[in-house]
Structures are given as C-alpha cells and as structure tokens.
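As a plain string of letters, each chain reads:
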Amino acid sequence: MNISIIIPTFHRNQDLQSCLNSLLNQNKFPHHIMIIDNAGDAETQNICKSYPSLPIVYHHFQINSGAKARNRGIENLSPDTDVVVFIDDDTTFWPEFLAEIESFFINNPQATGGVSHITSPVRTIWLLKKIGFILLTGSTSRDRQFVTKWWFNALPFVQSKKPQIVQWTSGCGMFFRKSVFDEWFRFPDKFLKYSLMEDCFLSYAIHRKYPWFLYYVPSVKLTHHESPTGRIANRAKIMQNIIHRYLFVRQFELSILGYVRTILLLGILDLFSYQSWQVVQWYLQGLWYVRNHRKDIHTDDFDYNTFIFEQ
C-alpha cells in the first residue's frame, strides 16, 4: 500500500526537522513525503535536501494558507498513491504510525478515512477549559469526536481504546483513501494562514456522504507539539472562529440558533483563557460583521479575510 504524506510548512524549520527525523524511524516507509512550502525561504528547501534517504517531493507555493497548501498537495499526488496522510510540521510519530495506518485500511476495507490518537504536551494546560467545554455541550457520555447539536466539533473526554466511528477528523493527524479526493472533496480554498476549522469542513463533508466510514484509530499515534510559530494572533483567531463557523453552518444547512449558542460559549471560554475584556469587544465586532454581511459572506467573491486580519 502506497502512503503519501502532505506537510504544509510555516517558518517552523526546527519543527520540520524533528518531524522528518521521526519519519526516518518508521517501520513502514512512506511512498512520498510532499512538503508544501508556505515559508518562501531557502532554509526549508535546504532542510528537505538534507534528508536524501526520505522520498521528499518539494513544492513551493507562497500562498500563506494551510488549507490551500493541502489542496495543492492533493492536486500533485502521484497516480499510484493509495492513502493520503495530512500532518502538521510540528508533529512527531510513533515508529508504527504508517504501518498501523496500512493495517487499519487492510482490516477495514469499508473505511474512507480516519484520525490518529493525538497527544500534546500543551493541551494538559487547558484541562479546565476542556472539562467546561465537554460538560456544557452535554457530551460527557460520548467517547468519540462528533459535532454536537450546537455545532461544536467536540473531542471526547476519554478516548476509546478501540476504533470508533467519528464525524470529523483533526487536521494534524488525519488520513484518507486517495479515491475520496477523486470526488472533489477539498479543504476551503479561501481560508488563509492557520485556516481554522479547515479539517472540519473536509471531514464533516465526507462524513455526511459516508456516515459510517470515518474512524478514530487509537493504534495510530502521534504527538502534536503545537508550536506557536506560524499561528495567528488572538484577534484573528477569534474572527476566524466566528466567521468560519458561520460558513460551516451555512454550508451544511445547520441551525443558526445553535451557531449563536456555540459562539457565546466560545466567547466565555476565550474570556477565561485570555483573561482580557478586549475579547468581548472582538466577539461583538465579529458577530456584528456576520450580521451585516450574512447574505453575502458565503459567496465565492466576498472577501472576509481583510476583516479577519486587519490590525
């Protein structure tokens, strides 16, 4: 089984080196490792050249978008690719990572895709936020990641020890059969920089068409180090959350009331996290913007990114 990996890069060269080092130790070697260089400096390409034993395919697209970079990777896959793995450049892997992906698809021929077991040294800091998030969504009885009636993309409080059907897959460790992309499933091409929720748009669309064929696979393990380099500023992140979630509701014809509840709850959690009343101002600005542009914001020719990233 030929497994190709797509990795967008964002000025995180030390992280990329750690990522590639962990791929050197895989029990199964990847077919291709496609580096989509968003950084635009020579250093990233030089790092790729320093790993001659890895099957790296380097592409430079100075597009400043994680979603676009992944789409460019899909469009440049070799025809003999069987499985596509999407990872961030600040991840490292257990030696069995790719072998377990292959084993999963062999043993589950009906599966269209899945998501790995993701650990993070950073996420433990936000335990209180995670507890509040799950309690307020009423998802404490669930052990799979799903989209709630309030349109949260909710992570399980305790992850299962066996494969579980899920409704969405996390962007730093998701994998799909290449045949899925022959149906023109793609990441939202308008999303820029960190492209918040691009993973939900893609995987939830696949889930809606194939509701029983996306899985959480605990034997596929990686660590997401969540490097702050390349991530967007607090205001822009909040604006992406507000606008991208509205687009999510519009695309999948979900409840606007559920969207409002979601944004209000996220506002409370962000106020707690950032500990600044400026968060309230940002949320009011974002919701006012969505209200004023609700008829046009989802159209292809409408530019909401200027508002998201204004200083």
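None of these values were measured; they are calculated from a predicted model.

Trainee: Before we go on, may I ask you to explain the packing of helix H8 (residues 256-274) against helix H9 (residues 278-292) in this structure?
Mentor: Packed helix pairs are characterised by how far apart their axes lie and by the angle those axes make with each other. Running from N to C, H8 and H9 cross one another at 155°; their axes reach a closest spacing of 9 Å. Judged on the interaxial angle alone, H9 and H8 are roughly antiparallel. Considering how the two elements wind past one another, H8 and H9 form a crossing that is right-handed. Contacts between H8 and H9 involve Tyr259, Ile263, Leu266, Gly267, Asp270, Leu271 and Tyr274 from the former and Val279, Val280, Tyr283, Leu287 and Val290 from the latter. Residues belonging to the contact of H8 with H9 are distributed by class as follows: ten nonpolar, one polar and one charged.

Trainee: Hey, could you run me through a nonpolar patch on the surface in this one?
Mentor: Residues Ile256, Val260 and Leu264 make up a contiguous nonpolar surface patch of about 250 Å² in total accessible area. Positionally, Leu264 belongs in helix H8.

Trainee: Honestly, the packing of aromatic side chains in this entry has me stumped. Any pointers?
Mentor: Considering all chains together, one arrives at 18 aromatic pairs under this definition. Between Phe191 and Phe201, the ring centres sit 5.2 Å apart and the planes meet at 90°, which makes this aromatic pair edge-to-face. With Phe191 in the loop between strand S10 (173-177) and helix H6 (198-209) and Phe201 in helix H6, this residue pair connects regions lying ten residues apart in the sequence. Taken as a pair, Phe191 and Phe201 share a single burial class, namely buried. By way of ring pairs, the aromatic residues Phe191, Phe201, Tyr204, Phe248 and Phe252 are connected into one cluster. Here Arg186 stacks its cationic end above the ring of Trp184, 3.9 Å away from the centre of that ring. Of note, Arg235 hangs over the ring of Phe307, and the distance from its end group to the ring centre comes to 5.1 Å.

Trainee: Just to check I follow, could you spell out the side chain of Thr223 for this structure?
Mentor: If you trace the backbone, Thr223 turns up in strand S11 (residues 214-224). Relative accessible area serves as the criterion here: at 17%, Thr223 is assigned to the buried category. In terms of polar contacts, Thr223 uses its side chain to reach the side chain of Thr119, at 3.1 Å.

Trainee: Where do I start with the pattern of salt bridges in this structure?
Mentor: Side-chain pairs of opposite charge can arise whenever the charged atoms involved come near each other. All told, the structure shown has six salt bridges when counted by the stated rule. Of the charged contacts, one joins Arg70 and Glu198 as a salt bridge, the two residues approaching to 2.8 Å between their closest N and O atoms. Note that Arg70 is positioned in helix H3 (residues 66-75) and Glu198 in helix H6, a separation of 128 residues in sequence. In terms of burial, Arg70 and Glu198 fall into one category: buried.

Scoring rules and cut-offs
- Residues numbered from 1 in each chain as written.
- Predicted model: local features only at pLDDT ≥ 70, side-chain atom pairs only at ≥ 80, totals over all residues.
- Heavy atoms only, no water.
- Axes fitted to C-alpha atoms, helices over the stretch in contact; angles between N-to-C directions.
- Helix = DSSP H or I, 4+ residues; strand = E, 2+ residues; numbered from the N terminus.
- Parallel < 35°, antiparallel > 145°, perpendicular 65-115°, else oblique.
- Left-handed = near helix turned anticlockwise from the far one by under 90°.
- Contact = heavy atoms within 4.5 Å.
- Nonpolar A, V, L, I, M, F, W, Y, C, P; charged D, E, K, R; others polar.
- Patch = residues over 30% accessible without salt bridge, like charges linked within 9 Å, V, L, I, M, F, W, Y side chains within 5 Å.
- Areas by Shrake-Rupley, 256 points an atom, 1.4 Å probe, with all protein chains shown as cover.
- Salt bridge = Lys/Arg side-chain N within 4 Å of Asp/Glu carboxyl O.
- Phe/Tyr/Trp six-rings, centres within 6.5 Å; stacked < 30°, edge-to-face > 60°.
- Buried < 20%, exposed > 50% of the residue type's maximum accessible area, 1.4 Å probe, protein only.
- Lys NZ or Arg CZ within 6 Å of the ring centre and 35° of its normal.
- Polar contact = N/O pair within 3.5 Å; in protein donor to acceptor, adjacent residues only side chain to side chain.

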